[in-house]
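# A closer look at the structure
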Amino acid sequence: KAGVTQTPRYLIKTRGQQVTLSCSPISGHRSVSWYQQTPGQGLQFLFEYFSETQRNKGNFPGRFSGRQFSNSRSEMNVSTLELGDSALYLCASYSGRTTDTQYFGPGTRLTVL
Amino acid sequence: QKEVEQDPGPLSVPEGAIVSLNCTYSNSAFQYFMWYRQYSRKGPELLMYTYSSGNKEDGRFTAQVDKSSKYISLFIRDSQPSDSATYLCASGGFKTIFGAGTRLFVKA
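Bear in mind that the values here come from a model prediction, so they are computed numbers and not experimental data.

### Section: unusual backbone geometry
Most of the time, phi is negative for any residue but glycine, and the peptide bond is trans. Of note, the amide linkage connecting Thr-7 of chain A to Pro-8 of chain A takes the cis form, showing an omega dihedral of -10°. Along the chain, Pro-8 of chain A falls in the loop between β1 (5–7) and β2 (10–13). The omega torsion of the bond from Gly-9 of chain B to Pro-10 of chain B falls at 10°, within 30 degrees of zero and hence cis. Residue position: Pro-10 of chain B is located in the loop between β1 (4–6) and β2 (11–14). If you check the backbone angles, Ser-51 of chain A has positive phi at about 50° while not being a glycine.

### Some words on the packing of aromatic side chains
Applying the stated rule across the entire model yields twelve aromatic pairs over all chains. Plain terms: the ring middles of Tyr-36 of chain B and Phe-98 of chain B are 5.5 Å apart, the flat faces sit at 50° to each other, and that makes the pair tilted. With Tyr-36 of chain B in strand β4 (residues 32–38) and Phe-98 of chain B in strand β10 (residues 96–98), this pair connects stretches of sequence that are 62 residues apart. Comparing Tyr-36 of chain B with Phe-98 of chain B shows no difference in burial state: the two are buried. Here a set of aromatic residues connected by ring pairs shows up, and it is made of Tyr-35, Phe-45 and Phe-104 of chain A together with Tyr-36 and Phe-98 of chain B.

### With respect to the interface of chain B and chain A
Contacts between chain B and chain A engage 16 residues on the former and 19 residues on the latter. For the pair chain B and chain A, the summed buried surface comes to about 1,400 Å²; carbon and sulfur atoms form 51% of the total. The interface formed by chain B and chain A contains zero salt bridges. Considering every element that reaches the side of chain B that touches chain A, the biggest residue donor is β4 of chain B, with three residues. Looking at the side of chain B that touches chain A residue by residue, the class counts come to ten nonpolar, three polar and three charged.

### Re the pairing of strand β7 (residues 61–66) of chain B
Residues and elements named next belong to chain B. Two elements, strand β6 (residues 54–58) and β7, share five bridges in a ladder whose sense is antiparallel. Each bridged residue has a counterpart across the sheet, and for Lys-56 the counterpart in β7 is Ala-63. Where β6 hands over to β7, the hairpin turn is made up of two residues, of which Gly-59 adopts a positive phi near 65°. Sheet topology note: the β7/strand β8 (residues 71–76) ladder contains six bridges and is antiparallel. When the sheet's bridge partners are listed, Gln-64 is paired in β8 with Ser-73. Counting the residues in the hairpin turn of β7 and β8 gives four residues, including Lys-70, whose phi is positive at 55°.

How each quantity is defined
Residues numbered from 1 in each chain as written. Chains lettered and ligands numbered in written order. Predicted model: local features only at pLDDT ≥ 70, side-chain atom pairs only at ≥ 80, totals over all residues. Heavy atoms only, no water. Helix = DSSP H or I, 4+ residues; strand = E, 2+ residues; numbered from the N terminus. Phe/Tyr/Trp six-rings, centres within 6.5 Å; stacked < 30°, edge-to-face > 60°. Buried < 20%, exposed > 50% of the residue type's maximum accessible area, 1.4 Å probe, protein only. Contact = heavy atoms within 4.5 Å. Buried area = accessible area lost by both parts, 1.4 Å probe. Salt bridge = Lys/Arg side-chain N within 4 Å of Asp/Glu carboxyl O. Nonpolar A, V, L, I, M, F, W, Y, C, P; charged D, E, K, R; others polar. Pairing = 2+ DSSP bridges.

Keep in mind that these numbers describe shape and distance, not what the molecule does.
Have a look at this one:
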C-alpha cells in the first residue's frame, strides 16, 4: 500500500507571496491533518479534514487555510507569506479506526526569503 | 504549560547503551500514547502506540506509560548509530498533541 505523498518536497518563496501544498493520503484514509514543524516550536497542529469538512483547527492565523477533495486529497494554502512561515509542513493520514493512528508524509520544506 | 513536555536534548550515547527518552503530559483525559522517530529530512514514522498504562515491547524498543504520574518513556536497548534521529512523543484523545522531540545521537 502506498504511503502518504506530499508535493512539492521543497519550495522557496519570497515574503508576501502565497503558496499551495498538496497531500495525497493513504488509499482508503478519509482524514488528513496538517502540521507545521520548526526547530523552536516543534510539531504544531494546523487543521484536520475529514470527508471534505474541516473537523479540527489549531491556533494559526487565517492566512493558513486548507481544503479536502472528494478523493481525500488535501491542499494547504498560505497567503501573504512571512519569514516565520519557513518550516517543514507535514501531512498525516488517518483511517478513522480507533485502533489505528496517523501516518506522516515526508513533508514539504518551505523557505521564505 | 505545554500539554506534552519533552526535553529537546540533544542526547549523545555510545553504541550499545540503553537509551531512556521521557515525556510528561498534563491532560488526564488523554487516551493514547505514541512514539515517533524522525530522521533528518523525513516525516515522523510511528514506532510504538499504546492505550494503556504499563509496558509494551517491540524488539529493542519498550514504551512505558504511567497514567498515575502522567509519564511516558521510551527505552532503546543495544542502541545503534542507525537509531540516531529525533524521537517525538505524542498523546491525545480527540486530537494528538506532540512533544518538541528529543534529538538522539548514537556514536559508533
